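Chain by chain, the residues run as shown.
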Amino acid sequence: MATSFTPATIPFTDPELVNPGRGEYLWQQQPKDPAWWPDLVDEYTRDAIAWTTVEPTQGVYDFTVIEQRLAAAAARGGRFGFRVMPMLGIDETRLAPSWVPMTTVNGHTYPDWNNPAYITAWTSLLTAIGDAFNGDPRLWFMDISGAGTWGEYTWDDAWGPFITDANANTIGQAAVSAFPDSTILAPA
């Protein structure tokens, strides 16, 4: 049996329809812009969750901040997407735990993306987060992050070697394995 559907035209003057995963979202706890826009239901944060916050002791995880944000988004009728950060930008703010290998090149210190201990620690973190939140209907997406100036696999040549393709693929595969039932946001 066939069913046909003819959608009605919504006048431009009608209020915006708020729908999870569509349109503007809460960004870094900033106010909505424009202010007249309907209340925002979804949230994405990237700089606000430090690796040291979710893994304060090696192999011991505290997902309180993630759980709080997921619950807040769900209470608004939305979902939460996030990134865990190992460092923040060119100001070299270290957000990785003390046991994560670091390197200094050209006067800049950053996580050693190509050190096997770093790759192991990062993939363990992704696995733990996936064990806790994969398939959670409150999760909008998991931004895999893991390397580069802002966790976006971007780079400043003055900082020395970039993550190798093989190591970037290892991180990507770890995210796919950890979140088989969730959306993953990855750098292009």
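What counts and how
Residues numbered from 1 in each chain as written. Predicted model: local features only at pLDDT ≥ 70, side-chain atom pairs only at ≥ 80, totals over all residues. Heavy atoms only, no water. Helix = DSSP H or I, 4+ residues; strand = E, 2+ residues; numbered from the N terminus. Areas by Shrake-Rupley, 256 points an atom, 1.4 Å probe, with all protein chains shown as cover. Core = buried A, V, L, I, M, F, W, Y, C linked by side-chain atoms within 4.5 Å. Buried < 20%, exposed > 50% of the residue type's maximum accessible area, 1.4 Å probe, protein only. Contact = heavy atoms within 4.5 Å. Expected span 1.5 Å × (residues − 1). Arc of directions from axis to C-beta.

A. Summary view of the overall build of the protein. When helices and strands are counted, the protein shows 4 helices and 9 strands. Overall, the protein shows an N-to-C arrangement of helices and strands of β-β-α-α-β-β-β-β-β-α-β-α-β. Surface accessibility of the protein: about 10,000 Å² in total, with carbon and sulfur atoms responsible for 55%.

B. Geometry of the nonpolar core. Ranked by size, the top nonpolar core spans 35 residues in total, and within it Trp-51, Ile-66, Phe-82, Val-84 and Ile-129 carry the most contacts. Elements that contribute at least two residues to this core include exactly helix H1 (51–54), helix H2 (64–75), strand S3 (80–83), helix H3 (116–133), strand S8 (139–143) and helix H4 (165–178). The biggest single contributor to this core is H3, with 9 residues. What Phe-82 contacts, discounting residues up to four positions off in sequence, is Tyr-44, Thr-45, Ile-49, Ile-66, Ile-129, Leu-139, Phe-141, Met-142 and Asp-143.

C. Expanded view of H2. Helix length check: H2, at 12 residues, gives a terminal C-alpha distance of 16 Å against a target of 16 Å (1.5 Å per residue), a fit within 8%. Val-65, Ile-66, Arg-69, Leu-70 and Ala-73 are the residues of H2 that are buried. All buried residues of H2 project into a common sector of 135° when viewed along the axis, lining one side. Counted as exposed and oriented over 90 degrees from the buried face of H2: Gln-68 and Ala-75. Considering only its buried residues, H2 is in contact with strand S2 (43–45), H1, S3, H3 and S8. At the exit of H2 stands Gly-77, carrying a positive phi of roughly 90°.

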